[in-house]
Amino acid sequence: MKVERDCKIVQDLLPNYIENLTNEETNEYVKEHLNKCSECNKIYENMKKEVDLKVAKKDNKEVKYLKKFNFKFKLLRNLLIIIVAIIIIIVARKSCILINLSNKQKELENSNNYYAKIESYSDGNMNIIETYVKDDKFLTTFNKYSKEDDVIKMVTYKSGDEQFRLLENKDKKVLYHDGIEMLKVQPISYLPNNFIQTLFMAINTSINKVEFDGKECYILRIDNSEVFVEAETGLMIKKIDNYNNTIDYEYEFGIVEDTDIVKPDTSGYIVNEE
Ligand SMILES: [Zn+2]
């Protein structure tokens, strides 16, 4: 009877014994019994095989999972590399276009013979500015047409040291000599002139080539506005914002004659004394 009781105890302990969960004294007791009892030893061997098989299966599963995970990770990493490469290519391409346009514009920026016209329209008001520039002379005419039919006309003239401005509206005609900033329209570019700003603009702007007004242009879409830049000159020729306010720019270089810059007649204007 003693033997049978021992067998039952050992068999109960076997699962824990196999998984090394039993203490040393118990291990000794189980080992001793297994050595002399073939019945229990058989059960022990079978149980051990089963557990080993389970562990192997589990390991195999984990390896498979890791392999799968590794594959997914590599796929994701490669996808990310491709996306980043595409972004870099796009930004580089846009930067090249912007730098190219900016260089063309810079050549014209310091021109001392040009005609420029800026026509802006916003909220029912229209402004037209025309400038003739030749060497140290220029003549700028500014006309503002507002909703209230109030026309304001301003003429600025400079030749050498002589410079003045005439202001005219329906109530008064005033002549300013001093303390006024001379209005001279410069060829306007929308383009940044340093690398960091160019890069920033390339990231934030969509650039598309179009034909506009018979000219090859790039449309730059940035900050809710569309800017048309002429491919040949790098100059901005139109700007439209999201309120549909528009500004049109027109330039001609090397065509201004002395006769285009005639000193305006100041008779009838009151000299400003302020
Ligand atoms: Zn036994």
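Because the structure is predicted, anything quoted here is derived from the model rather than measured.

**A look at the overall build of the chain**
No. 1: From N to C terminus, the chain includes 4 helices and 12 strands.
No. 2: Against the compact-globule benchmark of 19 Å for 274 residues, the chain has a radius of gyration of 43 Å, which places it well outside the compact range.
No. 3: Structurally, the chain occupies a C-alpha span of about 140 × 35 × 30 Å along its principal axes.
No. 4: Within the chain, the fraction of its 274 residues that count as buried is 34%.
No. 5: When contacts within the chain are restricted to residue pairs at least 6 apart in sequence, long-range pairs at least 24 apart make up 45% of them.
No. 6: When the accessible surface of the chain is totalled, it reaches about 18,800 Å², and 52% of it is carbon and sulfur.

**Side note on the sheet that holds strand β3 (residues 137–145)**
No. 1: With respect to topology, 12 strands assemble into an open sheet ordered β7-β8-β9-β10-β11-β1-β2-β3-β4-β5-β6-β12, the strand pairing being mixed. Looking at which strands have only one partner, the edges of the open sheet turn out to be β7 (206–212) and β12 (270–271).
No. 2: For strand β1 (residues 113–122) and strand β11 (residues 246–253), the ladder comprises 8 bridges, and the chain directions are antiparallel. Counterpart to Y114 in the pairing with β11 is F253.
No. 3: Relative to β7, helix α3 (residues 38–109) is tilted by about 55°, and along the sheet it contacts β7, β8 (215–222), β9 (225–230) and β11.

**Here's the deal with helix α4 (residues 195–204)**
For an α-helix, 3.6 residues make a turn, and residues three or four places apart therefore share a direction.
No. 1: Along α4, the residues classified as buried are T198, M201 and A202. Taken down its axis, α4 places every buried residue within 100° of arc, on the same side. Exposed side of α4, more than 90 degrees from the buried face: I196, F200 and I203 are the residues found there.
No. 2: Those residues of α4 that are buried are in contact with α3 and β8.

**Description of the side chain of K137**
No. 1: Mapped onto the elements of the fold, K137 is located in strand β3.
No. 2: Residue K137 is classed as buried on the basis of its relative accessible area of 17%.
No. 3: In this view, K137 contacts Y132, K158, S159, D258 and I261; residues no more than four positions away in its chain are not counted.

**Some words on the pattern of salt bridges**
No. 1: Within this structure, the stated rule accounts for 8 salt bridges.
No. 2: We note a salt bridge from E119 to K117, for which the minimum N-O separation is 3.6 Å.
No. 3: Residues R221 and E226 are paired through a salt bridge, measuring 3.0 Å at the closest nitrogen-oxygen approach.
No. 4: In this structure E226 comes out as partly exposed when scored by relative accessible area, which is 25%.
No. 5: Because the salt bridges share partners, they merge into one network encompassing K134, D135, K137 and D258.

**Some thoughts on the coordination of the zinc ion**
No. 1: The zinc ion binds to the protein through C7 (SG), H33 (NE2), C37 (SG) and C40 (SG); the donor distances cover 2.0 to 2.3 Å.
No. 2: One can describe the site at the zinc ion as tetrahedral: its 4 donor atoms subtend angles covering 92 to 121° at the metal.
No. 3: Here the donor residues for the zinc ion map to a single chain with the spacing C-x25-H-x3-C-x2-C. Taken as a pair, C7 in helix α1 (residues 2–18) and C40 in helix α3 lie far apart in primary sequence, 33 residues in all. Across the pair, C40 and C7 agree in class, each one buried.

**A short note on the nonpolar core**
No. 1: Counting 31 residues, the largest nonpolar core has L98, L101, I207, Y218 and L220 as its most contacted members.
No. 2: Of all the elements, α3 adds the most residues to this core, at 5 residues.

Conventions used here
- Residues numbered from 1 in each chain as written.
- Predicted model: local features only at pLDDT ≥ 70, side-chain atom pairs only at ≥ 80, totals over all residues.
- Heavy atoms only, no water.
- Helix = DSSP H or I, 4+ residues; strand = E, 2+ residues; numbered from the N terminus.
- Rg over C-alpha atoms; globule rule 2.2 N^0.38 Å.
- Buried < 20%, exposed > 50% of the residue type's maximum accessible area, 1.4 Å probe, protein only.
- Contact = heavy atoms within 4.5 Å.
- Areas by Shrake-Rupley, 256 points an atom, 1.4 Å probe, with all protein chains shown as cover.
- Pairing = 2+ DSSP bridges.
- Axes fitted to C-alpha atoms, helices over the stretch in contact; angles between N-to-C directions.
- Arc of directions from axis to C-beta.
- Salt bridge = Lys/Arg side-chain N within 4 Å of Asp/Glu carboxyl O.
- Donors = N, O, S within 2.8 Å, 3.2 Å for Na, K, Ca; no water.
- Tetrahedral: all angles 85-135°; square planar, octahedral: opposite > 155°, others 65-115°.
- Core = buried A, V, L, I, M, F, W, Y, C linked by side-chain atoms within 4.5 Å.

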